[in-house]
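Spelled out from the first residue to the last, the chains are:
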Amino acid sequence: MKVLIMGAGSVGQVFGYHLQLAGAEVSFYVRPKYVAECEAGFVLYDHGRLGLAAPLRFKAEAVLSTLEELERTSFDQVYLCIPSNGLRGGWFGDFAARLGDAVLVSLCNGMDDRDFIAEHFDVARTVTGLITQISYPAPLPGEDVLEPGTAYWFPPLAPHPFEGPKEHVEAAVKWLKKGGLPSKVAHGLSEKSTYPSVVLMTFIMGLEAADWSFAQVRSAANMKRIHGARREGLAMVSGHQKTTTPLALRLLNPMIMRMVLFLATQLIPFDLETYLRVHFTKVGAQTRMYVKNWIATSQELGLPSKHLEELGQALGPQLVASELIDSKAKADSILSASSGKA
Ligand SMILES: NC(=O)c1ccc[n+]([C@@H]2O[C@H](COP(=O)([O-])OP(=O)(O)OC[C@H]3O[C@@H](n4cnc5c(N)ncnc54)[C@H](OP(=O)(O)O)[C@@H]3O)[C@@H](O)[C@H]2O)c1
């Protein structure tokens with residue numbers, strides 16, 4: 001089985017490593033500036049309850065960085081392991097057109113990512129997955145490692161769910177499980193996954209606006225602002241998808257959010273506050289794309305977006321409301337201009 005991983009970041013390396021463990025021939029597709037680094041090989045750390053295990057090493061079969069190289073090679077499965085904003089650089093159509101008969105496994109979970117991908121690639125050969133692992137560039141501040149690498153942790157009882165055409169989704173899950181990456185076939189993921197994403201990302205926006213400090217984000221004013229944005233975001237998803245917000249998410253309130261945060265800090269075997277700061281600073285453009293899209297969609301649907309706008313503005317002056325009115329297309333074009341490095 002020949003696999004191509006698009007994006008050799010924290011997620012791509014973990015998928016690549018486990019697919020290679022399963023016996024697949026794993027190659028990467030990266031920006032030219034990363035080729036030498038990727039060819040040198042990757043160092044990974046499995047994060048157990050007691051800390052980071054000994055370094056694990058793996059090397060890709062090949063590292064590709066041009067469409068010409070892609071055209072000359074064929075793959076059985078291609079994994080998209082890049083942030084949602086990375087998809088929108090104008091390159092994806094050319095990339096997708098060179099994938100031959102491969103099955104595309106997308107781990108991009110922005111609200112409109114599936115529709116965007118479907119414009120360029122056959123839905124009958126597209127599998128979509130949700131990332132449940134936590135992986136990050138190690139060491140985090142305060143951590144000790146022999147050499148820099150990527151640390152990963154698979155939360156117990158939370159396999160990565162995948163959905164898509166039966167034959168393809170089952171093959172992807174079979175290979176991932178064989179390599180030890182917890183995975184399962186799921187149904188209704190497209191409808192279900194945007195709701196928890198809104199819950200997580202409104203919290204993350206509030207956390208960023210509170211200088212990434214758990215102590216500050218827990219304040220009544222911050223929790224109220226996040227709560228308002230979460231409610232607007234959930235209503236926007238319901239209106240957009242024409243589905244009902246799951247009851248458990250409708251019942252969330254600041255007190256429950258504080259409890260969830262406390263439990264998460266107890267269960268996760270590393271410094272959650274530092275991980276969130278490092279990870280969501282790294283993918284900050286994606287956060288901004290999400291909030292822009294959510295505000296634009298709320299406005300298109302005639303739904304309130306006051307709290308989302310407040311949080312958006314707290315993330316930076318580029319998110320003033322007047323920029324947002326146009327539509328998601330405008331948000332996309334602003335971001336594709338900044339991510340057009342691909
Ligand atoms: N890591 C986690 O714990 C975790 C958990 C849940 C979900 N996720 C999600 O998974 C996605 C990937 O996260 P990550 O942690 O792997 O991020 P990452 O470490 O930044 O890796 C993403 C890689 O993709 C590259 N990339 C982006 N756009 C590209 C393009 N158009 N062409 C080629 N390469 C491109 C990036 O290159 P540049 O650096 O040059 O942009 C980067 O090297 C994000 O959506 C994230 O929110 C991650």
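Keep in mind that what you see is a predicted model, and the values were worked out from it rather than measured.

A. Structural detail: the nonpolar core. Among the nonpolar cores identified, the biggest contains 54 residues, and I5, M6, Y79, L80, C81 and A172 are the most heavily contacted of them. If sequence neighbours within four positions are ignored, M6 has contacts with Y29, V78, Y79, L80, C81 and I82. Listed in part, the 27 residues of the second largest apolar core include A209, I226, M236 and M257.

B. Fine view of the environment of V127. Residue position: V127 is located in strand β9 (residues 126–129). Spatially, the C-alpha atom of V127 lies 6.2 Å from that of S106, the residues being 21 residues apart in sequence. The contact partners of V127, leaving out residues within four places of it in the chain, are V103, V105, F162, G164, H168, V169 and A172.

C. Highlighting the sheet that holds strand β13 (residues 183–185). Read from one edge of the open sheet, eight strands run β6-β2-β1-β7-β8-β9-β12-β13, paired in mixed fashion. Two strands in the sheet have a free side with no partner beyond their single neighbour: β6 (63–64) and β13. Where strand β1 (residues 2–6) lies against strand β7 (residues 77–80), four bridges are found, and the strand directions are parallel. Paired with M6 across the bridge in β7 is L80.

D. Structural detail: the environment of I134. Looking at the element boundaries, I134 is found in strand β10 (residues 134–138). On the neighbour-count criterion, I134 (21 C-beta atoms within 10 Å) is buried. Expressed as a C-alpha distance, the spacing of I134 and F154, which sit 20 residues apart in the sequence, is 6.6 Å. If we ignore the near neighbours within four places in the chain, the residues touching I134 are Y152, W153 and Y275.

E. Expanded view of the domain arrangement of the protein. What the domain assignment lists for the protein is domain 1 (2–187) and domain 2 (190–338). With centres defined by C-alpha atoms, the gap from domain 1 to domain 2 works out at 25 Å. The partner domain 2 presents 22 residues to the 21 residues of domain 1 that form the contact. Of all the elements in the fold, those that place two or more residues in the side of domain 1 that touches domain 2 are α4 (84–87) and β10. Looking at the side of domain 1 that touches domain 2, its residues break down into eight nonpolar, nine polar and four charged.

Cut-offs applied
Residues numbered from 1 in each chain as written. Predicted model: local features only at pLDDT ≥ 70, side-chain atom pairs only at ≥ 80, totals over all residues. Core = buried A, V, L, I, M, F, W, Y, C linked by C-beta atoms within 7 Å. Buried ≥ 20, exposed ≤ 12 C-beta atoms within 10 Å, placed from the backbone. Contact = placed C-beta atoms within 7 Å. Helix = DSSP H or I, 4+ residues; strand = E, 2+ residues; numbered from the N terminus. Pairing = 2+ DSSP bridges. Domains from an automatic or database assignment. Nonpolar A, V, L, I, M, F, W, Y, C, P; charged D, E, K, R; others polar.

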